Amino acid sequence: MRKLAIGAAVSGALALAGLVAPAASAADTPDLVFSGVTVNKGKAIVAGTTATVKVPVTYTLTRPTDLTIDYKTTFAGVMLYRGTLKSLQNTIEPDTTPACTTTATTDTMVTEACTETLALDPADYLFEAADATTWKAAGMYSRVDQDADDSDGHISFGFNYDVWGPLGSGVQIKRAARLTVNASPEPVKKGKTITVTGKLTRANWETGGYSGYTSQKATLQFRAKGSNTYSTVKTVTSGTGGALKTTTKASKDGYYRYVFAGTSTTGTATAAGDYIDVQ
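This report concerns the structure included in the present document. (Residues numbered from 1 in each chain as written. Predicted model: local features only at pLDDT ≥ 70, side-chain atom pairs only at ≥ 80, totals over all residues. Heavy atoms only, no water.)

Glancing now at the sheet that holds strand 2 (residues 45-47). The 5 strands lie next to each other as 2-9-8-4-5, forming an open sheet whose pairing is mixed. Taken across any chain shown, the strands that pair with only one partner, and hence form the sheet edges, are strand 2 and strand 5 (88-92). Each adjacent strand pair in this sheet contributes to an overall mean axis angle of 45°, direction not counted. One ladder, built from 4 bridges, connects strand 4 (residues 74-83) with strand 5; its direction is antiparallel. Paired with Arg82 across the bridge in strand 5 is Asn90. (Pairing = 2+ DSSP bridges. Helix = DSSP H or I, 4+ residues; strand = E, 2+ residues; numbered from the N terminus. Axes fitted to C-alpha atoms, helices over the stretch in contact; angles between N-to-C directions.)

Right under this line is the structure:
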């Protein structure tokens, strides 16, 4: 499991929160305020099993003027988490430096508009069906104090962190879905019955593949040759292994496809149209 909080020096730290990492003292806690946090432009994140999803995050950071955040020994950013701050069940942390622009200053405080990107690699961050849920956003600040020079026979590593959350409205992470379709026989005489089969599957983060999604409604649609518009034919419920199957009468040349509207845990899917020749 890869856990990276803006730099390899603090990798794994948040995953160990409450277990072995030292707690920050009140005296060490900086006066940081994270506000206006928006994750993925307010839209759900849909993740498959292999492709990394780039998730944009925007927020406003207000910090003391005398606080230096250099992203070498001090780090700040927004992460996503599942569970509670006291008991983190899973986290997605930034691994690149955010881009921040100063928008206001006073004698004591600096306000910055920040943008960062969370690189959501399913193999690194998504491990079970429970990860398909609403995640919360949190602001994080960490400090690293290390001496890696062993020429004197001694090295040291110190790490401390602060996390503020939840922030904003959170974001839904969903499993990606896939749909197939096949209309047969082909060619077929006008007025004869055709059978339209297909399969609805969704990402299985535990196995790293796609599994059948059963008992789900999918819409069979038809687009006549020369037309740009699909019309609904009927609704079909997926069976064992996500199988879809129904029959309809052949009326004209055109394309059949299945469309899945998605659920609270799974994204939408549309099969590529399958052309059938009606004679």
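On to the sheet that holds strand 7 (residues 109-120). Each strand in a sheet pairs with another by means of backbone hydrogen bonds, the pair being arranged parallel or else antiparallel. In space, the 4 strands of this open sheet follow the order 1-3-7-6, with antiparallel pairing throughout. Edge positions in the open sheet fall to strand 1 (33-39) and strand 6 (99-105), since each of these has one partner strand only. Neighbour to neighbour, the strand axes of the sheet diverge by 20° on average, direction disregarded. Strand direction decides the pairing type here: strand 1 and strand 3 (residues 53-64), joined by 5 bridges, are antiparallel. Bridge pairing in strand 3 links Thr38 to Thr58.

The element strand 4 is largely enclosed, with a buried count of 10 among its 10 residues. Between the end of strand 4 and the start of strand 5, which pair antiparallel, lie 4 residues. (Buried < 20%, exposed > 50% of the residue type's maximum accessible area, 1.4 Å probe, protein only.)

A word on the pattern of salt bridges. In this structure the tally under the stated criterion is 4 salt bridges. For the salt bridge of Glu128 with Arg82, the shortest nitrogen-to-oxygen distance reads 3.1 Å. Of this pair, Glu128 sits in the loop between helix 1 (122-125) and strand 8 (134-147) while Arg82 sits in strand 4, and the two are 46 residues apart along the sequence. Relative accessible area serves as the criterion here: at 9%, Arg82 is assigned to the buried category. (Salt bridge = Lys/Arg side-chain N within 4 Å of Asp/Glu carboxyl O.)

Moving on: the environment of Thr134. With respect to the element layout, Thr134 can be found in strand 8. Between the alpha carbons of Thr134 and Val110 there is a distance of 31 Å; along the sequence they are 24 residues apart. With residues near it in sequence (within four places) discarded, Thr134 still touches Val171 and Gln172. Looking at Thr134, its side chain comes within polar contact range of the side chain of Gln172, at 2.7 Å. (Contact = heavy atoms within 4.5 Å. Polar contact = N/O pair within 3.5 Å; in protein donor to acceptor, adjacent residues only side chain to side chain.)

If you walk through the whole model with that rule in mind, you get 1 disulfide. Covalently, Cys100 is tied to Cys114 through a disulfide, its sulfur atoms 2.1 Å apart. Looking along the S-S bond of the Cys100-Cys114 disulfide, the torsion reads about 115°, which is the right-handed sense. Of the two residues, Cys100 is situated in strand 6 and Cys114 in strand 7; the sequence distance between them amounts to 14 residues. (Disulfide = S-S within 2.5 Å.)

This paragraph deals with the nonpolar core. In terms of nonpolar packing, the biggest core is built from 31 residues, with Val39, Ile45, Leu80 and Leu120 touching the most fellow members. Sort the elements by how many residues they give to this core and strand 3 lands first, with 5 residues. Among the nonpolar cores identified, the runner-up in size contains 23 residues, and Ala177, Val181, Leu200 and Leu220 belong to it. (Core = buried A, V, L, I, M, F, W, Y, C linked by side-chain atoms within 4.5 Å.)

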